[in-house]
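Chains, contacts and geometry: an overview
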Amino acid sequence: MADLSTKYMGLDLANPIIVGSSGLTDSVEGVGKCAEAGAGAVVLKSIFEEQIVGEVDKLVDASGPAYWHSQAAEYITRYGRENAVERYLDLIRGAKEAVSVPVIASIHCVSAGAWTEFAQRVEQVGADGLELNIFVLPADPRIDGRTNEQIYLDVAKAVKQKVKIPVALKIGSFFSGLANLALALGVDIDALVLFNRFARVDFDTEKLSLKPASFLSSPDEMVVPLRWISILSGQIACDLAATTGVHDGEAVVKQLLAGAAAVQVCSALYKNGVGHIGTMLDGLRDWMGRHEFPSVADFRGRMSQTESLKPGAYERVQFMKASTGGS
Ligand SMILES: Cc1cc2nc3c(=O)[nH]c(=O)nc-3n(C[C@H](O)[C@H](O)[C@H](O)COP(=O)(O)O)c2cc1C
């Protein structure tokens, strides 16, 4: 029997598949279904910083419906704007009572402001861990990269000072010095989740208006976190989890080979139902059997930069071959 267990951000998981923060985990019932389907852990739907500090109206006015982040739009339409904090704490309590897998709460934030006190309440009601989804789009040309990055470092420090439960940071890939930032963040936090999938905006060329692009990922998006997990694995102090584009057992294998301690899955479950977790686990077990790896620990990180060839050099050679007509 293959041993699929893994340790992620200090938590013991029976297997590395975590259901990512989404509408799949916004109710006790949904969390129960994920656990029943075999998830190793769940990340609850995020509560937003603006809801914790009671500034939802400002958020709504500032962004306008067409530009809403998909996650904000879903939250606000489904939860309403009242009593968000109490309802969120109830969700944590209910999920903890309902399932035995680790329950990780999630806060979607943009600053290291007053909301960070709320992290203590999350801990008090029993969450096993806390994931922070930080959303600072570096779109303002007057703000330099260092200033934007400092927000991530400040949030990590502020929250870690307030709680004892493990803290993960889910970040995007838009940094000029990603590896350097990851190194600095890894000192304070317990895990980095790579990468947040930002809402994509498309143009409607008939109506000359904005329209949302697909909320769901496609499997080929998995190569971006794969690349960075293989680069960062073994170089930073905290665990790594992959998110975006993990749709099947083979993708799970790849991310583990790169050095991820766990993967997070959403789109594949929206497309195929939560029962797809079982299919993904079968794929992982089947691969481990064929390659005679008794446990995840036996192969995790085998293809990280520190264990194998340098991805940077490899990529450059592939690009040179392709652009000069080599094979
Ligand atoms: C409908 C929907 C709602 C989501 N809500 C949240 C959220 O509240 N907080 C968060 O951190 N991520 C949220 N996400 C992002 C997912 O957790 C995940 O990072 C992203 O979908 C990429 O993973 P995937 O390719 O497996 O879907 C949401 C995704 C979807 C599709």
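Above this note sits the structure.
To start, this report covers the structure provided alongside it. Note that this is a predicted model, so its numbers are computed, not measured. (Residues numbered from 1 in each chain as written. Predicted model: local features only at pLDDT ≥ 70, side-chain atom pairs only at ≥ 80, totals over all residues. Heavy atoms only, no water.)

**Some points on the pairing of strand E6 (residues 103–109)**
Here E6 lies mainly inside the structure; 7 of its 7 residues are buried. Of the two faces of E6, the one holding Val103, Ala105, Ile107 and Cys109 and the one holding Ile104, Ser106 and His108 are both buried throughout. By the bridge criterion, 2 bridges tie strand E4 (residues 41–43) to E6 in an arrangement that is parallel. Counterpart to Val42 in the pairing with E6 is Val103. Direction of pairing for strand E5 (residues 47–48) relative to E6: parallel, over a ladder of 2 bridges. By the bridge assignment for E6, Ile47 is matched with Ile107. Pairing geometry for E6 and strand E7 (residues 129–134), over 6 bridges, is parallel. Within E7, the residue paired with Cys109 across the bridge is Ile134. Once the chain exits E6 it traverses helix H6 (residues 118–124) before rejoining the sheet at E7, and the crossover so formed is right-handed. (Buried < 20%, exposed > 50% of the residue type's maximum accessible area, 1.4 Å probe, protein only. Helix = DSSP H or I, 4+ residues; strand = E, 2+ residues; numbered from the N terminus. Pairing = 2+ DSSP bridges. Right-handed = clockwise from strand over helix to strand, strands pointing away.)

**A look at the site of the ligand**
Not every one of the 19 residues close to the ligand is listed here, only the nearest: Ser21, Ser46, Asn133, Ser217 and Ser267. With respect to the ligand, the backbone of Thr244 contributes an N or O atom lying 3.4 Å from an oxygen atom. Mapped by element, the contributors of at least two residues to the shell around the ligand are helix H4 (70–79) and helix H11 (267–272). Looking at the shell around the ligand residue by residue, the classes come out as 5 nonpolar, 10 polar and 4 charged. (Near = heavy atom within 4 Å. Polar contact = N/O pair within 3.5 Å; in protein donor to acceptor, adjacent residues only side chain to side chain. Nonpolar A, V, L, I, M, F, W, Y, C, P; charged D, E, K, R; others polar.)

**A few points about the packing of helix H9 (residues 223–232) against helix H10 (residues 249–258)**
Two elements in contact, H9 and H10, have axes whose closest approach is 8 Å; the angle formed by their N-to-C orientations is 25 degrees. The angle between the axes of H9 and H10 places the two elements in the roughly parallel class. Side by side, H9 and H10 meet where Pro225, Leu226, Ile229 and Ser230 of the first sit next to Lys254, Gln255 and Ala258 of the second. In terms of residue class, the contact of H9 with H10 is made up of 4 nonpolar, 2 polar and 1 charged. (Axes fitted to C-alpha atoms, helices over the stretch in contact; angles between N-to-C directions. Parallel < 35°, antiparallel > 145°, perpendicular 65-115°, else oblique. Contact = heavy atoms within 4.5 Å.)

**Here we look at a nonpolar patch on the surface**
On the surface, a nonpolar cluster with roughly 290 Å² of combined accessible area is contributed by Val201, Phe203 and Leu210. If you trace the backbone, Leu210 turns up in strand E11 (residues 209–212). (Patch = residues over 30% accessible without salt bridge, like charges linked within 9 Å, V, L, I, M, F, W, Y side chains within 5 Å. Areas by Shrake-Rupley, 256 points an atom, 1.4 Å probe, with all protein chains shown as cover. Salt bridge = Lys/Arg side-chain N within 4 Å of Asp/Glu carboxyl O.)

**Description of the side chain of Gln255**
Its location among the elements puts Gln255 in helix H10. When its relative accessible area of 0% is taken as the criterion, Gln255 is described as buried. Of the polar contacts made by the side chain of Gln255, one reaches the backbone oxygen of Met222; its length is 3.3 Å. Aside from chain neighbours lying at most four places away, what touches Gln255 is Met222, Pro225, Leu226, Ile229, Ala242, Val246, Ala260 and Val263.

**As for the pattern of salt bridges**
Under the definition given, this model contains 13 salt bridges. Across the salt bridge formed by Asp140 and Arg142, the nearest N and O atoms sit 3.0 Å from each other. For Asp140, a relative accessible area of 25% corresponds to the partly exposed category. Measuring nitrogen to oxygen at the nearest pair gives 3.2 Å for the salt bridge that ties Glu149 to Arg146. Remark: Arg146 and Glu149 occur in helix H7 (residues 145–162); sequence separation between them is 3 residues, near one turn of the helix. Several salt bridges share partner residues, and in doing so they unite Arg197, Arg200 and Glu221 into one network.

**Quick look at the nonpolar core**
Ranked by internal contacts, the top residues of the largest apolar core, which has 83 residues, are Ile107, Leu132 and Leu192. Looking at which element gives the most residues to this core, the answer is helix H5 (residues 84–98), with 7 residues. When sequence neighbours within four positions are dropped, the list of residues in contact with Leu192 reads Leu169, Ile171, Ala182, Leu185, Ile236, Cys238, Asp239, Leu240 and Ala241. Grouped together as the second largest cluster of nonpolar side chains are 14 residues, Ile18, Ala168, Ala241 and Ala262 included. (Core = buried A, V, L, I, M, F, W, Y, C linked by side-chain atoms within 4.5 Å.)

**Thoughts on the packing of aromatic side chains**
Taken as a whole and judged by the stated rule, the model has 6 aromatic pairs. With a centroid separation of 5.2 Å and 40 degrees between ring planes, the pair formed by Phe135 and Phe198 is classed as tilted. Of this pair, Phe135 sits in the loop between E7 and H7 while Phe198 sits in the loop between strand E9 (191–194) and strand E10 (201–204), placing them 63 residues apart in sequence. Given the relative accessible area of 14%, Phe198 is considered buried. Ring centres 5.3 Å apart and planes at 35 degrees place the aromatic pair Phe293 and Phe299 in the tilted group. (Phe/Tyr/Trp six-rings, centres within 6.5 Å; stacked < 30°, edge-to-face > 60°.)

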